[in-house]
Amino acid sequence: MPAVVDRAFALLAAALIVVFGFLPWANWIPGGHEAEWYPIVIGDWFSGGTITVGVGLVLAILSRRIAWLWRPGALQPLLAGYDRRPLVVSAAIAAVAMTLYLVLAVVVFDTKPLLIDEMIQVFQGRTFASGRLVRDAFAYPEFFSGMHLIDTGGSVYGQFPAGGPAMLALGSLVGAEWVVGPVAAALTVFVFGWLVQHLDSNPGVRLGATLLFAFAPFAVFMASSHMNHVTVVLWLVAAMACLARVTTRDRAPWAALGCGLGLGVAATIRPADALAFALPAGVWLLARTLRRPARWPDLMLSGVGVALPVVAMLWVNSQTTGHPLLFGYTVLWGNAHDLGFHGAPWGDVHTPLRGVELLNLYFLRLQTYLFESPFASLVPTALALAVSRRLQPFDRYLLISGGLIVGLYFAYWHDGFYLGPRFMYPLVPLLVLWTARLPGLLRERFGDGLANRTAAYSYAIAAVVVVAVTGPIRGTEYAHGLLTPRWDADAAVEQAGVEGALILVRESWGAQIMARLWARGIGRSEAELLYRKIDTCILEEQLSALEASGVSGSAASAALQPFLADSAKVIVSPHSPDPTERYLPAAFYSDRCRTRVQDNWQGFTLFAPLLLAGGRDNVFARDLHARDTLLLAAFPDRPIYLLKPEDARVASPKRFYPVTRDSLRQAWGLEELP
């Protein structure tokens, strides 16, 4: 490709980073998403960048007069040793990284899945590890349902593609799903260390990129979690490593097969991510084959590699959702969940402007979360692209694939924020590579002068700040967040001596209503809309009437639709500690509704984390008050406990309160219980 085209391509990529990574488009577009924190972070980037680069510039100037500050070739012995055995060094880096990931998984995340996505994938992973694709559903699913759980046709299973839970199932087999992320991430570091041998001739760039990939805070914290972004990047990087081998040799059939397998397994975990890397790879391999037909085995074997895991995923779909091309999240949320500009599952319409807002948020967050550096994290990548003169073929591949990732999530409605802009996690290999290249590119362009030395000193200062200050601060923030899912239910029942019991879990009034809506056959998307737009007490009374008359499905939906007429008047409930509950000003609250609000103030917890509990033969079920008669009939001989916090404080200790059937009968105003 001509140098002028390479130059234009690199400048375009740099411009996109600048446009989305520095300007607050989300704040300028009326309505929708906002980056209300932008004024703070832009100030931090400016002050932190000024100080870091300023000190680096001073040191660069002083290095011209003080010889020991800058010794050309001082790192050559280290780089020469790395260059002799790059895979050994990469393995050592991966081992150190895995140790760090495992420690943080314990210290920061308590080895627990904290996000609902993680919980449901662990749930499904345990199902797979037990030798089943699904679990049997309870006759009344509202007692055991979860947001991302499908409970139809007598079966229960998670909404996610099979590959992510299958990776976690490997941990389930040894009773430690929490080790899967750290081990997968460490393997990715090693494979990436092999990949960069094909991407750059400079050993300093290769070593620097590997270190950044292993220890960038965004990657470190993600690696310590249960998120499927970690395993998908493992398979994507493995595919890229094989692709690099294929495209640098005349023929490499086994590498081509490996490339296809990597992309295929990635597709079983996160199909959109895999598509972004598979499409350019397929075009590249096809173009090589057209230029030289003798390479057709590479193309065919890569296709076979993709097909094998994808066929397995489609078979799992056929056995769970009933159709190979029907995914669980479409079963739950309908076509509104899919890519494109349309109504989103929660009622809002995803438009191109909303897509711009989300991309803006992703890039602004990357500026902080990628490296946690005192300056904006994407500055080195943008500068390196701006000063580069030529691109290697694999550079173009990475940039095109990265552009497709950005484009796909531009067309996706959900704001994927957890431990950083998680949808952008596949960009990390590209970003760390160009970050590592910046000092060398400055030296090539401007010689061994102030620019190169300032960049090197600034990198060193930033690394010290990240290790000593910003990284630990972020880790502390994560360690003190999402407290409820950290509670160890199995240890608690052991300590309390609760065994063989039916444990009624007190959730918020709103959470109970959501589960009951699902049980009436109302889809997740519509249930979200009804819950967000109707007064909670009105919804309670109407839902109780539907339950009493046995109305469900489309009839239940039709019965609730008229109450959306006042949706514009509905506000966040001023009466409840649960901010998701809604209130229609001046609406009448029945005795039952007032009791439910009072229950909220007495404390509630989350049921979803308890889907993963079950020690000492206990059964955890959602407390639905008088409707619990159905549950008690199914478990007639078990002792009964109510699980709830002591009060409404988030950190309030949870307690098991023993209850009798007589006390439940009196509380519910019933003549008798089953």
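Because the structure is a prediction, the values reported are computed rather than measured.

Asks: Help me understand the overall build of the chain, please; the structure alone is not making it clear to me.
Replies: Scanning the chain from N- to C-terminus turns up 28 helices and nine strands. Here the C-alpha atoms of the chain give a radius of gyration of 28 Å, agreeing with the 26 Å that 2.2 N^0.38 yields for 674 residues. The 674 residues of the chain split such that 53% are buried. Counted over contacts in the chain with a minimum sequence separation of 6, partners at least 24 positions apart contribute 76%. Carbon and sulfur atoms provide 65% of the accessible area of the chain, an area that totals close to 28400 Å². Positive and negative charge centroids in the chain, built from 52 and 50 side chains respectively, lie 12 Å apart.

Asks: Sorry if this is basic, but what is going on with the environment of Tyr-412 here?
Replies: In this fold, Tyr-412 is placed in the loop between helix 18 (393–410) and helix 19 (428–446). The buried category is assigned to Tyr-412, whose relative accessible area is 12%. A sequence separation of 58 residues divides Tyr-412 from Arg-354, and the C-alpha atoms of the two residues are 9.4 Å apart. Setting aside chain neighbours within four positions, we find Tyr-412 in contact with His-337, Leu-339, His-350, Leu-358 and Phe-423. A distance of 3.3 Å separates the side chain of Tyr-412 from the side chain of His-337, its partner in a polar contact.

Asks: Would you mind going over a nonpolar patch on the surface with me for this structure?
Replies: On the surface, a nonpolar cluster with roughly 410 Å² of combined accessible area is contributed by Leu-275, Leu-279, Val-283, Ile-400 and Leu-404. Every element with two or more residues in the nonpolar patch is listed here: helix 13 (271–291) and helix 18. With three residues, the top contributor of residues to the nonpolar patch is helix 13. Of note, Leu-279 is situated in helix 13. Judged by relative accessible area, which is 48%, Leu-279 ranks as partly exposed.

Asks: Where do I start with the sheet that holds strand 3 (residues 155–158) in this structure?
Replies: Whether parallel or antiparallel, the strands of a sheet pair through hydrogen bonds between backbone atoms. Read from one edge to the other, the open sheet built from three strands follows the order 1-3-2, with strand pairing classed as antiparallel. In this open sheet, the two edge strands, each paired with only one partner strand, are strand 1 (135–136) and strand 2 (149–152). Both strand 1 and strand 3 contribute to a ladder of two bridges, which runs antiparallel. Its bridge partner lying in strand 3, Asp-136 is registered against Ser-155. Lying on the sheet, helix 6 (residues 116–129) is in contact with strand 1, strand 2 and strand 3; it crosses strand 3 at an angle near 125 degrees.

Asks: Help me understand helix 6, please; the structure alone is not making it clear to me.
Replies: Along an α-helix, residues three or four positions apart point the same way, because every turn accommodates 3.6 residues. For helix 6, which comprises 14 residues, the first-to-last C-alpha distance of 20 Å matches the rise-based estimate of 20 Å (1.5 Å per residue) to within 8%. The buried fraction of helix 6 is high, at 11 of 14 residues. Among the residues of helix 6, Asp-117, Glu-118, Met-119, Ile-120, Gln-121, Val-122, Phe-123, Gln-124, Gly-125, Thr-127 and Phe-128 are the ones counted as buried. Summarising the contacts, the buried residues of helix 6 are in contact with strand 1, strand 2, strand 3, helix 7 (163–172) and helix 11 (228–247). Backbone geometry just downstream of helix 6 places Gly-131 in the positive-phi region, at approximately 90 degrees.

Asks: So what exactly am I meant to see when it comes to the pattern of salt bridges here?
Replies: Where charged atoms of side chains with opposite charge meet at close range, the side chains can pair. Applying the stated criterion across every chain yields a total of 31 salt bridges. Between Arg-627 and Glu-142 there is a salt bridge, with the nearest N and O atoms lying 2.6 Å from each other. Placement of Arg-627 in the loop between strand 7 (619–622) and helix 27 (628–634) and of Glu-142 in the loop between strand 1 and strand 2 is noted, with a sequence separation of 485 residues between them. When its relative accessible area of 18% is taken as the criterion, Arg-627 is described as buried. One salt bridge in this structure joins Arg-649 and Asp-647, with 2.9 Å as the shortest N-O distance. Residue Arg-649 is classed as exposed on the basis of its relative accessible area of 52%. Three or more residues joined by partner-sharing salt bridges are found here, namely Glu-142, Arg-516, Glu-540, Glu-541, Glu-547, Arg-592 and Arg-627.

Asks: Teacher, can you tell me more about the sheet that holds strand 8 (residues 640–645) here?
Replies: Spatially, four strands are ordered 7-4-8-9 in an open sheet, and the strand pairing comes out mixed. Of all strands in the sheet, those bounded by a partner on one side alone are strand 7 and strand 9 (654–659). Averaged over all adjacent pairs, the angle separating strand axes in this sheet is 30 degrees, with direction ignored. In this structure, strand 4 (residues 502–505) lies alongside strand 8, joined through four bridges in parallel fashion. Opposite Ile-503, over in strand 8, you have Tyr-641 as the bridge partner.

Asks: What should I look at first to understand the nonpolar core in this one?
Replies: Nonpolar side chains tend to gather and get buried jointly when the protein is soluble and globular. Phe-394 and Phe-620 are the most contacted members of the largest nonpolar core, which has 140 residues in total. Discounting residues that sit within four places of it in the chain, Phe-394 has contacts with Leu-195, Leu-199, Met-240, Leu-243, Ala-244 and Trp-284. Of all hydrophobic cores here, the second largest spans 22 residues; its members include Leu-546, Ala-556, Leu-560 and Leu-564.

Asks: Mind showing me how you'd approach helix 16 (residues 352–369) here?
Replies: Taking 1.5 Å of rise per residue, the 18 residues of helix 16 would be expected to cover 26 Å, and the 25 Å separating its terminal C-alpha atoms lies within 8% of that figure. Across the 18 residues that make up helix 16, a large majority, 14, are buried.

Asks: Help me understand the pairing of strand 2, please; the structure alone is not making it clear to me.
Replies: One face of the sheet, then the other: side chains in a regular strand alternate in exactly this way. Strand direction decides the pairing type here: strand 2 and strand 3, joined by four bridges, are antiparallel. Bridged to Ile-150 within strand 3 is Tyr-157. Between strand 2 and strand 3, which follow one another and run antiparallel, lie two residues, and Gly-153 among them has a positive phi close to 65 degrees.

Asks: Where do I start with the side chain of Asp-623 in this structure?
Replies: As for its placement among the helices and strands, Asp-623 is situated in the loop between strand 7 and helix 27. Residue classification places Asp-623 among the buried residues on the basis of a relative accessible area of 3%. Not counting residues up to four positions away in its chain, the partners in contact with Asp-623 are Leu-504, Val-505, Arg-506, Gln-512, Asp-628 and Leu-642.

Asks: I tried to follow the packing of helix 11 against helix 13 on my own but got confused; where do I start?
Replies: Following both chains from N to C, one finds helix 11 and helix 13 inclined at 10 degrees, their axes separated by 11 Å at the closest point. Comparing the axis directions of helix 11 and helix 13 gives the class roughly parallel. Residue-level contacts link Val-232, Leu-236, Met-240, Leu-243, Val-246 and Thr-247 of helix 11 to Asp-273, Ala-274, Phe-277, Ala-281, Trp-284, Leu-285 and Arg-288 of helix 13. Class assignment for the residues of the contact of helix 11 with helix 13 results in 10 nonpolar, one polar and two charged.

Asks: Teacher, can you tell me more about the packing of aromatic side chains here?
Replies: Pairs of aromatic rings are described using the distance from one ring centre to the other and the angle between the two planes. Applying the stated criterion across every chain, the model contains 27 aromatic pairs. Both rings, one in Phe-138 and one in Phe-143, keep their centres 6.4 Å apart while their planes meet at 75 degrees; by these two values the pair is edge-to-face. Relative accessible area serves as the criterion here: at 23%, Phe-138 is assigned to the partly exposed category. When its relative accessible area of 0% is taken as the criterion, Phe-143 is described as buried. Both rings, one in Phe-138 and one in Phe-635, keep their centres 6.1 Å apart while their planes meet at 20 degrees; by these two values the pair is stacked. With Phe-138 in the loop between strand 1 and strand 2 and Phe-635 in the loop between helix 27 and strand 8, this pair connects stretches of sequence that are 497 residues apart. Since its relative accessible area comes to 18%, Phe-635 is described here as buried. These aromatic residues form a ring-pair network of at least three members: Phe-138, Tyr-140, Phe-143, Phe-144 and Phe-635. Sitting over the face of the ring of Trp-518, Arg-524 holds its NZ or CZ atom 3.9 Å from the ring centroid.

What counts as what
Residues numbered from 1 in each chain as written. Predicted model: local features only at pLDDT ≥ 70, side-chain atom pairs only at ≥ 80, totals over all residues. Heavy atoms only, no water. Helix = DSSP H or I, 4+ residues; strand = E, 2+ residues; numbered from the N terminus. Rg over C-alpha atoms; globule rule 2.2 N^0.38 Å. Buried < 20%, exposed > 50% of the residue type's maximum accessible area, 1.4 Å probe, protein only. Contact = heavy atoms within 4.5 Å. Areas by Shrake-Rupley, 256 points an atom, 1.4 Å probe, with all protein chains shown as cover. Lys, Arg positive; Asp, Glu negative; His and termini not counted. Charge placed at Lys NZ, Arg CZ, Asp CG, Glu CD. Polar contact = N/O pair within 3.5 Å; in protein donor to acceptor, adjacent residues only side chain to side chain. Patch = residues over 30% accessible without salt bridge, like charges linked within 9 Å, V, L, I, M, F, W, Y side chains within 5 Å. Salt bridge = Lys/Arg side-chain N within 4 Å of Asp/Glu carboxyl O. Pairing = 2+ DSSP bridges. Axes fitted to C-alpha atoms, helices over the stretch in contact; angles between N-to-C directions. Expected span 1.5 Å × (residues − 1). Core = buried A, V, L, I, M, F, W, Y, C linked by side-chain atoms within 4.5 Å. Parallel < 35°, antiparallel > 145°, perpendicular 65-115°, else oblique. Nonpolar A, V, L, I, M, F, W, Y, C, P; charged D, E, K, R; others polar. Phe/Tyr/Trp six-rings, centres within 6.5 Å; stacked < 30°, edge-to-face > 60°. Lys NZ or Arg CZ within 6 Å of the ring centre and 35° of its normal.

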